[in-house]
Amino acid sequence: MPIKITAVIVGLTGIIVETLLIRELLVVCEGNELSLGIIFSSWLLFEAIGSFYLGKEISKRKNKIFFFVILQLLFVIFSISSLYLTRNIKSFLGIELGVGVSLQNIFIVVATIIALPSFFHGGLYTCLVKMFSLNKKDIETSLPMAYIFELMGAVVGGVVFTFLLIKYLFSFQIVFLVSILSLLGIILLLIYKRDKLSTLVVIFMFLCIFTAYIFNFPSKVEYKTTKDIWKGFKLLEFKNSIYGKVVVVEREAQKVIYYNSIPIFTIPVSDKTFYEELVHIPLSLVTLNNKEKINVLIIYGGLSGLLYEFLKYNTLDIDYVEPDSVLVNTTLQLLDNKTKTDITTNKNVNIHNIDPRVFVKKHTKKYKLVIIGMKEITDINTNKIFTYEFFKLLKNNLYKDSVVVFTTVGSLVYLHKELVKLNSIIYNTVSSVFNFVNVIPADSYNLFLCSDSDVVFKLTPETILYNMKLNKINSEVLTKYYLEYRLNENLKHKFLEDINKIKKIINRDFSVAGLTSMLCYWSIKNTSSVGSKFVSLFFDKTNLRYLVFIMFFIILLYLWLFRNKQNYIVYYSIFTTGYIGMFLNILLMFVFQTVYGYIYHLVGILNSLFMGAAALSCFFSEKFLKKTKLIFCEICIVVLTFFISLIIKFLYKEMFVSYFIFVLVFVLGGLIVGLEIPVFNKLLLTSEVAIPESRIFGIDTLGGWLGGILGGVFLLFVVGIKESVAFILGMKLIGILFMFLFAKNV
C-alpha cells in the first residue's frame, strides 16, 4: 500500500510541477502557444533520458527504495530552483523585456528550466516499476500498475492545481506545498522500510520547509523574484488571470501594463498620433453628424487610448470587448479619476469581458464601425482575430457600408520579407471576405480599412477635417498637410506592388499563417545567421513536406531491414504511439485555445483529462486485452485518431456542445496513449528483453518528443491539421502493413 500511495504522490507532484513550469514559461515566451510543443516535448525528452540512465542505475542497486528517496529529494530541490530560474532566465540570456522571443531562445529557455526536474521525474517512474516488481509474482503487472497509479495521481493533481492552487496561491507557495507533500510521501515510505536514520533526516527537511511556509517565506520569494524581472522599473502590482499574467510597472512618470511580458497599455498614452488616426480617420467614413447614433465595436486595446478618443464624440454607442476582466479592472484603477469616471459611468460605453468570437456569435447587433486595437499578432488568441473565419463571422454584424479597421506592422523605409509576407497574408485574407480593402501605409504601421462598400476609397483630408470640426474636435497632429502626406497614393501603390509578389496565402483558424510569419520574423530578427537559416528552413511548408517524404523513406528502410525481428517492429509501434499521443495532446490544446482562448488557466485540467483516460485505458487493457494481438490495438489507434480529426470541425457549435466534444476528444486521445502499454510489456517480457519498462518508457517518450517538436511545433503550425494528421495515420498504417506481412505473432 505505501508504494501505491507513493506512486500517486509522484504523479500528483509531477503534473503540478510540470503545469506550473508550463504557465511560467508561457509568460517568459510571451504567451506564445508554439512553445507548448517545445515544453511538452522537452519534458518528455529529459524524462526519457532520466528513465533510461537512472533505470540502469537502479537495476544495479539492492536498496531500491533508498535510491528512490534520493531521486525524490532531488526532484523537490530542482523543482524549486527551476521555478526560481524562470524569473531570471531572460536577464541571464540578455533578452530584453517586451521583445519577441526567438525560436532559438525558446528552445534554450525551455531546455534550461525543464531539464533537471523532468530528468529526475523520469527516474522516479522507473524506480516505481522496480518497487512494484519487488514481489516476483507482480513482475508482469509492475509496469501497468506503476503507470496506472502514477496517472491517477496526475489526474488528481491537475484538478487540484486548476481549481484550488492557482486560484488562491502564487507559484512559490504552490511549489513549496508540492515539496511538503513529496517529503510526506518519502517519510511514509521510509517508515514502511523501517529506516530510522533516513526518516529522521527527511523529517528535519520537512520541518524546515513547513516552517518556511508557515512564516510566509514563499510569498516573499515570489515578490522578490518578480521584482528582479523588472529591474529598472518600479513594480506596482502583479496578478494572475485565466488568460495570463498582468504586471504593472512604473518608469519616468509612466505606468506600463505588461500582459504575459508584452506591453499592452501605457498611462498616460505615449502614442497619441496612432490613436487619433485609428479613430478619427475611419469615423469620417461612416458619415457622422450630431443627430445620428452610430454603433461602434472595439475589439482589444480600448483602454490604451481608443476609448479616450471615441468619448470626444457624443453620438456613439460603444461596445468594447476585452476578454480578461483582471486586465480591464487593473487598467481602470490606474487611470485618472476623470477618465475612469467618463468610461465607467457613460451609458453609451459597454465593456464586455468575453472572447470576441463568442461575443460576435451571440449578438445580433449591427455596427457601423469595428476597430481591432491589437497592433500585431503575437499568439493564437490574437491570430484568430485576423482569420478568414472570424471576418466571415463578423460580417453578420455589419451593414453593407460598415467599415472594419485594424493595423499591421509596417515601414516606409525597409520592410523585412517576413513582414511583407505577413501583410500579404492579412491583405489576402480580408480581400477574400470584403469587396473593398484600402491600405494606408505608415512608418511603423499600416492602416487597413475594409468594407463591402467603396466608401473606404473616398477618404480625403477635407472630409476627415470637416467631420472633426463638426464634432468640435481639435488635433495638433491631424492637419491638412499631414493628412495629404498620409493619404499619398504612391505609398499605397508601392505597398500593393510589394505584397502582390508574395504567393497568395489565407490566414485561417487551424492554419495559422499569420502567426507563423510573425514568429518567423521575430526568430530571424533576434538570432544568429545560422539560427535564422534554420528557422527559415523549418517554417517553409515545401521544405517540411520534403522532410516528411524523407521520414517515410527512413521508416520504410528501418522496417524492411528489421522485418524479421519482432522486437524492432514492437519498438516502432511504441515510438509511433508516443508520437501520436503527444501530437494529439498539443493539437487538442491548440484547438481549445483557438476556440476559447484560456489554455493558460486550463492546461492542467486538460492534461489531466488526457492522462486520466490513458490510465483508464491502461487498466482496461491490463484486465481484458493483455492477450490481444498488437495489430488489433494498432488498428484501434488509427480508427480513434481518424475519428478525432473528424469531430474537431464540430467545435464551433454552441458552448455546451463544444465543451462536451472537447471532453470526448481529450478522452479519446488519452485512450490511445494507454491502450498498448500492457501489450508492449507482455511482448518484451516474452522476448526476455532486459529492463523492458525502461525501454518502453524511453522509446515512448522519444516518440513523444518528436511528436511535440516536429508535429506540435512545425507541422501543426506551418502545414496545418489535415496534413499533420495524414502523416501520423501514414506512420501507423505502414507499421500495421509490416506486422501483417512479417510479424503476425505480435
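Here, every reference points to the structure presented above.
In this report, we go over the structure that sits alongside the text. Within every chain, residues take consecutive numbers counted from 1 along the sequence as written. Note on the predicted model: pLDDT of at least 70 is required for a residue's local features to be given, and 80 or more for side-chain atom pairs to be given and counted; whole-chain, interface and lining totals, by contrast, use all residues. Processing note: side-chain calculations cover all non-hydrogen atoms of the structure and skip hydrogens and water entirely.

Pairs of aromatic rings are described using the distance from one ring centre to the other and the angle between the two planes. Side-chain rings of Phe, Tyr and Trp, where Trp is taken by its six-membered ring, are said to pair if the distance between their centres is within 6.5 Å; with planes under 30 degrees apart they count as stacked, over 60 as edge-to-face, and otherwise as tilted. Using the criterion set out here, one finds 29 aromatic pairs in the structure. Aromatic side chains Phe-170 and Phe-238 sit 5.4 Å apart centroid to centroid with 50° between the ring planes, which places their arrangement in the tilted category. With Phe-170 in the loop between helix H6 (139–168) and helix H7 (171–193) and Phe-238 in strand E1 (residues 234–240), this pair connects stretches of sequence that are 68 residues apart. Exposure classes here rest on a 1.4 Å probe applied to the protein chains alone. A residue is buried below 20% of its type maximum, exposed above 50%, and partly exposed in between. We classify Phe-170 as partly exposed; its relative accessible area is 33%. Residue class for Phe-238 comes out buried when judged on its relative accessible area of 15%. Residues Phe-738 and Phe-742 carry aromatic rings whose centres are separated by 5.6 Å and whose planes lie at 40° to one another, so their mutual orientation is tilted. On the criterion of helical spacing, the pair formed by Phe-738 and Phe-742 is a turn pair, its members being four residues apart in helix H30 (residues 721–742). One aromatic cluster is present, built from ring pairs that chain together Phe-386, Phe-390, Phe-391, Phe-406, Phe-434, Phe-448 and Phe-495. Lysine NZ or arginine CZ positioned within 6 Å of the ring centre and within 35 degrees of the ring normal marks a charge as sitting over the ring. Over the ring of Phe-233 we find Arg-251, and its NZ or CZ is 4.9 Å from the ring centre. Under the scheme used here, helices are H or I runs from DSSP no shorter than 4 residues and strands are E runs no shorter than 2 residues, and both carry numbers assigned from the N terminus.

Let's shift gears to the layout of surface pockets. Of the volumes computed, that of the second largest pocket is approximately 650 Å³. Computed over the protein atoms alone on a 1 Å grid, cavities are sets of points where a 1.4 Å probe fits but cannot get out and pockets are open sets with protein on both sides within 12 Å along at least five of seven lines; a residue lines them when it has an atom within 4 Å of a point. As for the second largest pocket, its lining consists of 23 residues, of which Lys-421, Ile-505, Phe-539, Asp-540 and Lys-541 are closest to the centre. Sorting the residues of the lining of the second largest pocket by element identifies helix H17 (417–431), helix H21 (513–525), helix H23 (541–561) and helix H29 (692–719) as the ones contributing at least two each. Here the lining of the second largest pocket gets four residues from one element, more than from any other, and that element is H21. Tallied by class, the residues present in the lining of the second largest pocket amount to nine nonpolar, five polar and nine charged. Grid points are joined across faces, edges and corners, and a volume is the space filled by probe spheres set on the points. Residues are grouped as follows: Ala, Val, Leu, Ile, Met, Phe, Trp, Tyr, Cys and Pro are nonpolar; Asp, Glu, Lys and Arg are charged; all remaining types, including Gly, are polar.

Moving on, we get to the pattern of salt bridges. Any Lys or Arg side-chain nitrogen located within 4 Å of an Asp or Glu carboxyl oxygen qualifies as a salt bridge. What the rule picks out here adds up to 20 salt bridges. Residue Asp-355 is joined to Lys-384 by a salt bridge in which the shortest nitrogen-to-oxygen separation is 2.7 Å. Here Lys-384 lies in the loop between helix H15 (380–383) and helix H16 (388–394) and Asp-355 lies in the loop between strand E7 (349–352) and helix H14 (356–362), a separation of 29 residues in the sequence. For the pair Asp-355 and Lys-384, one class covers both residues: buried. Note that Asp-454 and Lys-458 form a salt bridge whose closest N and O atoms lie 3.8 Å from each other. For Asp-454, a relative accessible area of 36% corresponds to the partly exposed category. We classify Lys-458 as exposed; its relative accessible area is 53%. What emerges from the salt-bridge pattern is a single network uniting Glu-24, Arg-87 and Glu-222.

A few words now on the side chain of Thr-408. Position of Thr-408 relative to the elements: it lies in strand E9 (residues 398–409). Overall, Thr-408 belongs to the buried group, its relative accessible area being 5%. Each residue touching Thr-408, except ones within four places of it in the same chain, is listed here: Lys-375, Asn-423, Ile-426, Ser-444, Tyr-445, Asn-446 and Phe-448. We call two residues in contact when some of their heavy atoms are within 4.5 Å.

Turning our attention to the environment of Gly-302. One can find Gly-302 in the loop between strand E5 (294–299) and helix H11 (306–310). Of the residues examined, Gly-302 reaches a relative accessible area of 1% and is grouped as buried. Spatially, the C-alpha atom of Gly-302 lies 6.5 Å from that of Gly-373, the residues being 71 residues apart in sequence. Leave out the neighbours within four places in its chain, and Gly-302 touches Leu-307, Tyr-320 and Glu-322.

Looking now at the pairing of strand E11 (residues 445–451). Extensive coverage of E11 is indicated by the burial of seven of its seven residues. Side-chain alternation along E11 places Tyr-445, Leu-447, Leu-449 and Ser-451 on one buried face and Asn-446, Phe-448 and Cys-450 on a second face that is also buried. DSSP calls a pair of strands paired once it identifies at least 2 bridges connecting them. Summarising the sheet, E9 and E11 pair through six bridges and their orientation is antiparallel. Bridge pairing in E11 links Phe-406 to Phe-448.

Time to look at the sheet that holds E5. As summarised here, the arrangement of the seven strands in space is E7-E6-E5-E8-E9-E11-E10, forming an open sheet in which the pairing is mixed. With one partner strand each, in any of the chains shown, E7 and strand E10 (436–440) form the two edges of the open sheet. When strand polarity is set aside, the average angle formed by the axes of neighbouring strands in this sheet is 15°. An axis is simply a line fitted to the C-alpha atoms; with a helix, the fit covers only the stretch in contact. Between two such axes, the angle follows the N-to-C directions and lies from 0 to 180 degrees.

Turning to the sheet that holds strand E4 (residues 262–267), a few remarks are in order. Within the open sheet, the four strands sit side by side as E1-E2-E3-E4. Their pairing is antiparallel. The two strands at the open ends of the sheet, each matched to only one other strand, are E1 and E4. Put simply, the sheet's adjacent strands are angled 20° from each other on average, direction ignored. The pairing of strand E3 (residues 254–259) with E4 spans five bridges and is classified as antiparallel. The partner of Lys-255 across the bridge, within E4, is Ile-267. Sitting on the sheet, helix H9 (residues 217–229) is in contact with E1 and strand E2 (245–251), with an inclination near 120° to E1.

One can describe the packing of H23 onto H30 by two numbers: an axis separation of 11 Å at closest approach and a directional angle of 15°. Considering their axes alone, H23 and H30 lie roughly parallel with respect to each other. Of the two possible hands of crossing, H23 and H30 adopt the one that is right-handed. Between H23 and H30, the contacting residues are Arg-545, Val-548, Met-551, Phe-552, Ile-555, Leu-556, Leu-559 and Trp-560 on the first element and Glu-723, Phe-727, Gly-730, Met-731, Ile-734, Gly-735, Phe-738 and Phe-742 on the second. Of the residues that constitute the contact of H23 with H30, the class distribution is twelve nonpolar, two polar and two charged. Here the angle decides the label: under 35 degrees means roughly parallel, over 145 means roughly antiparallel, 65 to 115 means roughly perpendicular, and every other value means oblique. Handedness of each helix crossing follows the sense of rotation of the near helix against the far helix: counterclockwise by less than a right angle gives left-handed, clockwise gives right-handed.

Our focus in this paragraph is empty space enclosed by the protein. Under the criterion given, the structure shown has five cavities of 30 Å³ or more. Approximately 600 Å³ is the volume attributed to the largest cavity. Lining the largest cavity are 32 residues; nearest its centre among them are Leu-44, Glu-47, Leu-151, Met-611 and Phe-697. At the level of elements, helix H1 (2–28), helix H2 (34–60), helix H5 (103–132), H6, helix H24 (566–595), helix H25 (599–625) and H29 are the ones that each hand at least two residues to the lining of the largest cavity.

With that settled, consider the nonpolar core. To qualify as a nonpolar core, a set must consist of buried Ala, Val, Leu, Ile, Met, Phe, Trp, Tyr and Cys residues joined through side-chain atoms within 4.5 Å. Counting residues in each nonpolar core, the largest one holds 199 residues, and the members touching the most others are Phe-406, Leu-587, Phe-590 and Phe-727. The element contributing the most residues to this core is H24, with 18 residues. Beyond its immediate chain neighbours, meaning those up to four positions away, Phe-406 contacts Ile-372, Phe-386, Phe-391, Ile-426, Val-430, Asn-446, Leu-447, Phe-448 and Cys-450. Counting 51 residues, the second-largest nonpolar core is a separate cluster that includes Leu-306, Leu-316, Val-456 and Met-468.

Before going further, it helps to examine the packing of H2 against H24. Remark: H2 packs on H24, axes separated minimally by 10 Å, with the N-to-C direction vectors making an angle of 155°. Between H2 and H24, the interaxial angle falls into the category roughly antiparallel. Every pair of crossing elements has a handedness; the one defined by H2 and H24 is right-handed. In this structure, H2 uses Gly-37, Phe-40 and Leu-44 to contact H24, whose residues at the interface are Met-582, Asn-585, Ile-586 and Met-589.

Okay, helix H8 (residues 196–214) next. Expected span, for any helix, means 1.5 Å times one less than how many residues it has. With 19 residues, H8 should reach 27 Å at 1.5 Å per residue; the first-to-last C-alpha distance of 26 Å fits that figure. Listing the buried residues of H8 in full gives Ser-198, Thr-199, Val-202, Phe-206 and Ile-209. Taken end-on, H8 shows its buried residues confined to a sector of 95°, consistent with a single buried face. Among the exposed residues of H8, those pointing more than 90 degrees away from its buried face are Lys-196, Leu-197, Leu-200, Phe-204 and Ile-214. Asn-216 occupies a position one or two residues after H8 and carries a positive phi of about 65°. Here, the arc refers to the directions that run from the helix axis to the C-beta atoms.

Time to look at the pairing of E3. The pairing of E2 with E3 spans six bridges and is classified as antiparallel. When the sheet's bridge partners are listed, Val-249 is paired in E3 with Val-256. Between E2 and the antiparallel strand that follows it, E3, lie two residues; Glu-252 among them carries a positive phi value of about 50°. Linking E3 back to E4 in an antiparallel pair, the connection comprises two residues, with Asn-260 at a positive phi of about 55°.

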